[in-house]
Amino acid sequence: MKLIFLGPPGAGKGTQAKILTERYNIPQLSTGDMLRAAVAAGTEVGKRAKSIMDAGGLVSDAIVNQIVSERIDEPDCAKGFILDGYPRTVGQAEVLQDILKEKHTKLDAVIELVVDQNALIDRMKKRVEETIANGGKVRSDDNPEAFAKRLVEYTEKTAPLSKFYSTTGLLRKVDGMTPVKDVTKAIELALK
Ligand code: AP5
């Protein structure tokens, strides 16, 4: 099973991807997590990405395309994967098509989680509170300024992917406003 999770920041992409990785025994490929790991490790990619991510902008297509292309080649992706947060621009989606074609494989579905904008901001605040309560490190882009920029980036650069994938017949829109368990059920139904 090869899936893309599409949706604005805080829509629940990571939450649902983690649940489905266990159910389908395939890895979650989160470009956000990969980039945060690169930042934490102080790699060249991490150094280039850090200030962009902190401000809520998008890292260059060239960097994320290469990260994903290399990650898909790893053995644990042979049976499938869930792309969480990639592609995020039409340019990335076009490159992904080429990457998959080169590897003689294709996507099964694109799940778009649909969530009201006000709920997104509340979810980000909740995540910050929970992280602090658990003694964790709050994400450097989980603050009102960076989050506002992330929403603008989503609207301008990522939302057009909904149309892009609807023309391929792969798009499944799922209501992301219901409780986590119900969203999972709706995704599973959409995949049948
Ligand atoms: P990334 O890490 O991908 O962040 P994001 O897309 O902004 O998404 P989030 O992780 O904030 O939200 P989510 O949809 O995963 O929601 P979650 O499940 O956590 O990207 C970060 C940055 O990296 C980008 O801004 C960019 O700089 C860079 N980047 C990454 N990919 C890139 C790319 N392809 N190109 C260029 N740059 C890239 O849930 C959020 C909260 O809501 C949680 O607290 C959760 O418990 C709660 N929640 C989830 N579902 C529900 C529900 N149904 N009901 C109630 N609460 C819920």
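Above: the structure in question.
Here the structure is a predicted model, which is why all the values come from computation and not from measurement.

1. Considering the side chain of glutamate 188
Logical step 1: The topology assignment puts glutamate 188 in helix α9 (residues 180-191).
Logical step 2: A distance of 2.9 Å separates a polar atom in the side chain of glutamate 188 from a polar atom in the side chain of arginine 23.
Logical step 3: Excluding anything up to four places from it in sequence, glutamate 188 contacts Leu20, Arg23 and Tyr24.

2. Considering the pattern of salt bridges
Logical step 1: Evaluated as defined, the whole model comprises 14 salt bridges.
Logical step 2: Of the charged contacts, one joins aspartate 33 and arginine 36 as a salt bridge, the two residues approaching to 2.8 Å between their closest N and O atoms. Of this pair, aspartate 33 and arginine 36 both sit in helix α2 (residues 31-41), separated by 3 residues, roughly a single helical turn.
Logical step 3: Lysine 103 is paired through a salt bridge with aspartate 73; the nearest N and O atoms lie 2.9 Å apart. Here the residue lysine 103 occupies a position in the loop between α5 (90-102) and β4 (109-114), and aspartate 73 occupies one in the loop between α4 (61-72) and β3 (81-84), the gap between them amounting to 30 residues.
Logical step 4: Classification of lysine 103 by relative accessible area gives partly exposed; the value is 23%.
Logical step 5: Several salt bridges share partner residues, and in doing so they unite Arg127, Arg139, Asp141, Asp142 and Arg150 into one network.

3. Focus on the packing of helix α1 (residues 13-24) against α9
Logical step 1: Where α1 contacts α9, the axes come no closer than 10 Å and their chain directions differ by 55 degrees. The angle between α1 and α9 places the two elements in the oblique class. Pair α1 / α9 crosses with right-handed handedness. Contacts between α1 and α9 involve Thr15, Gln16, Ile19, Leu20, Arg23 and Tyr24 from the former and Val180, Val183, Thr184, Ile187, Glu188 and Leu191 from the latter.
Logical step 2: When grouped by side-chain class, the residues that make up the contact of α1 with α9 number 7 nonpolar, 3 polar and 2 charged.

4. Some details on the site of the ligand
Logical step 1: Close contacts around the ligand come from 32 residues, with Thr15, Gly57, Arg88, Arg127 and Arg150 the closest.
Logical step 2: Take threonine 15: an N or O atom from its side chain is 2.5 Å from an oxygen atom of the ligand.
Logical step 3: Within the backbone of glycine 57, a nitrogen or oxygen atom sits 2.5 Å from an oxygen atom of the ligand.
Logical step 4: Within the complex, the protein chains bury 90% of what would otherwise be the 1,000 Å² of accessible surface of the ligand.
Logical step 5: When residues of the shell around the ligand are traced back to their parent elements, those giving at least two are α1, α2, α6 (117-133) and α9.
Logical step 6: Its residues assigned to classes, the shell around the ligand comprises 12 nonpolar, 11 polar and 9 charged.

Analysis parameters
Residues numbered from 1 in each chain as written. Predicted model: local features only at pLDDT ≥ 70, side-chain atom pairs only at ≥ 80, totals over all residues. Heavy atoms only, no water. Helix = DSSP H or I, 4+ residues; strand = E, 2+ residues; numbered from the N terminus. Polar contact = N/O pair within 3.5 Å; in protein donor to acceptor, adjacent residues only side chain to side chain. Contact = heavy atoms within 4.5 Å. Salt bridge = Lys/Arg side-chain N within 4 Å of Asp/Glu carboxyl O. Buried < 20%, exposed > 50% of the residue type's maximum accessible area, 1.4 Å probe, protein only. Axes fitted to C-alpha atoms, helices over the stretch in contact; angles between N-to-C directions. Parallel < 35°, antiparallel > 145°, perpendicular 65-115°, else oblique. Left-handed = near helix turned anticlockwise from the far one by under 90°. Nonpolar A, V, L, I, M, F, W, Y, C, P; charged D, E, K, R; others polar. Near = heavy atom within 4 Å. Areas by Shrake-Rupley, 256 points an atom, 1.4 Å probe, with all protein chains shown as cover.

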